[in-house]
Amino acid sequence: MSDIDLLAKKLFPNSQDCVRIIQITDTHLFGEPKGKLLGLDTRESLGAVMSRVRQEEIAPDIILVTGDLSQDASPESYEYLLKELQAFNIPSFWIPGNHDDPSIMSPILEGDNVYPQRRVLIGDWQIVLLDSSVRGKVYGHISEPQLEFLKNCLEQTDDKHSLIAMHHQPVKVGSDWLDNLGIRNADELFEAAANHHNHCCFLWGHVHQDFHGEKNGIELISTPSTCVQFKPGSQKFSAGDESPGYRYLTLHKDGTIDSVLHRITDVEFTVDYSIKGY
Ligand SMILES: [Fe+2]
């Protein structure tokens, strides 16, 4: 039995009708406990998100954390996130974003319920996690080995649907400044996924806003940040006024995905809109 199958058997021993996923993204945590992004305390807003998940969501199977976990790539920020994730009694999987440093985060974000694995089999689905980050750059790129990895995952698993998670966006979302900062070789990514079996969905963060679409038969979803949002449709950097959020995805046996975006609207957060960069 492969390592992937063994992990699946260990984590998800029972058959299940659907797979329930919490996606949190762009937590932008600081080493400094009161660290703020554009005036917003990112530990506080993540705390509000996590407590909402704890109160309201019924039996999620997995937490996916899709990049920009830290703003300053400090060990303390990753140690803080590790504790937040370990407080849930379900497996968490993560990928880095442009603000992260894999060499710092990798040794920290592992243990108890937190896993560094990049492929997960659960029920009728496989989840593949791709690292789209490029050291020292804000834009994204999927390396050749990862394109091969994706192709192999899709070829080997013709009896499952596929959810492919990454940090950067593989399509334009309608904001000039962000559209220059997506995955530069997105054509190669779509090509690698061209022979997908059954349903296939790309899921990402980075754009700090809600987006749904479809391209080449692949469903496309992005999720707002647990902290500051970016204003949809803006030509230049602009913070949005939407509340912190997370996404709850239900992956069904027939390949359909129910996706619900939750916002923390009952907590006051202060964002400094005068800041023109992040
Ligand atoms: Fe981000």
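Our structure is the block above this text.
Here is a short report on the structure shown in this document.

What counts and how
Residues numbered from 1 in each chain as written. Predicted model: local features only at pLDDT ≥ 70, side-chain atom pairs only at ≥ 80, totals over all residues. Heavy atoms only, no water. Helix = DSSP H or I, 4+ residues; strand = E, 2+ residues; numbered from the N terminus. Contact = heavy atoms within 4.5 Å. Buried < 20%, exposed > 50% of the residue type's maximum accessible area, 1.4 Å probe, protein only. Polar contact = N/O pair within 3.5 Å; in protein donor to acceptor, adjacent residues only side chain to side chain. 1 Å grid on protein atoms, 1.4 Å probe; cavity = no way out; pocket = protein on both sides within 12 Å on 5 of 7 lines; lining within 4 Å. Points joined across faces, edges and corners; volume = space filled by probe spheres on them. Nonpolar A, V, L, I, M, F, W, Y, C, P; charged D, E, K, R; others polar. Donors = N, O, S within 2.8 Å, 3.2 Å for Na, K, Ca; no water. Tetrahedral: all angles 85-135°; square planar, octahedral: opposite > 155°, others 65-115°. Pairing = 2+ DSSP bridges. Right-handed = clockwise from strand over helix to strand, strands pointing away. Salt bridge = Lys/Arg side-chain N within 4 Å of Asp/Glu carboxyl O.

In this structure, Thr 226 sits in the loop between strand S12 (218–222) and strand S13 (245–252). In this structure the C-alpha to C-alpha distance between Thr 226 and Pro 244, which are 18 residues apart in sequence, comes to 4.6 Å. If we ignore the near neighbours within four places in the chain, the residues touching Thr 226 are Ile 24, Thr 25, Asp 26, Thr 27, Ser 45, Leu 46, Val 49, Pro 244 and Gly 245.

Positionally, Asn 98 belongs in the loop between strand S5 (92–95) and helix H4 (102–108). Here Asn 98 falls in the buried class, since its relative accessible area comes to 12%. Side chain to side chain, Asn 98 and His 167 meet in a polar contact 3.0 Å long. A distance of 3.2 Å separates polar atoms of two side chains, one belonging to Asn 98 and the other to His 206. What Asn 98 contacts, discounting residues up to four positions off in sequence, is Asp 68, Ser 133, Lys 137, Val 138, His 167, His 168, His 206 and Tyr 278.

Glancing now at the layout of surface pockets. Looking at the largest pocket, its volume works out to about 160 Å³. Residue lining of the largest pocket: Gln 169, Pro 170, Val 171, Lys 172, Asp 179, Asn 180, Gly 182, Ile 183, Arg 184 and Ala 186, and that is the complete set. Of the residues assigned to the lining of the largest pocket, the class counts are 4 nonpolar, 3 polar and 3 charged.

When a metal holds four donors in a tetrahedron, each ideal angle between them is 109.5 degrees; when it holds six in an octahedron, the ideal angles are 90 or 180 degrees. The coordination sphere of the iron ion, as far as protein atoms go, consists of Asp 26 (OD), His 28 (NE2), Asp 68 (OD) and His 208 (NE2), spread over 2.1 to 2.3 Å. Considering all 4 donor atoms around the iron ion, angles at the metal cover 90 to 176 degrees and the coordination shape is irregular. In the primary structure, the donors to the iron ion are separated according to the pattern D-x1-H-x39-D-x139-H. Placement of Asp 26 in the loop between strand S1 (18–24) and strand S2 (36–37) and of Asp 68 in the loop between strand S4 (62–66) and helix H3 (75–86) is noted, with a sequence separation of 42 residues between them. Residue class for Asp 68 comes out buried when judged on its relative accessible area of 0%.

On to the pairing of S4, then. Most of S4 sits out of view: 5 of its 5 residues are buried. The sheet contact formed by S1 and S4 spans 4 bridges and is parallel. Opposite Ile 24, over in S4, you have Val 65 as the bridge partner. The pairing of S4 with S5 spans 4 bridges and is classified as parallel. Across the sheet, residue Thr 66 finds its bridge partner in S5, namely Ile 95. At this point the chain moves from S4, through H3, to the parallel S5, and the crossover so formed is right-handed.

A few words now on the pattern of salt bridges. Summed over the entire model, instances satisfying the criterion amount to 6 salt bridges. The closest approach of N and O atoms between Lys 253 and Asp 124, which form a salt bridge, is 3.1 Å. Taken together, the positions of Lys 253 in the loop between S13 and strand S14 (257–263) and Asp 124 in the loop between strand S7 (119–122) and strand S8 (125–129) put the pair 129 residues apart, joining distant regions of the chain. We classify Asp 124 as partly exposed; its relative accessible area is 22%.

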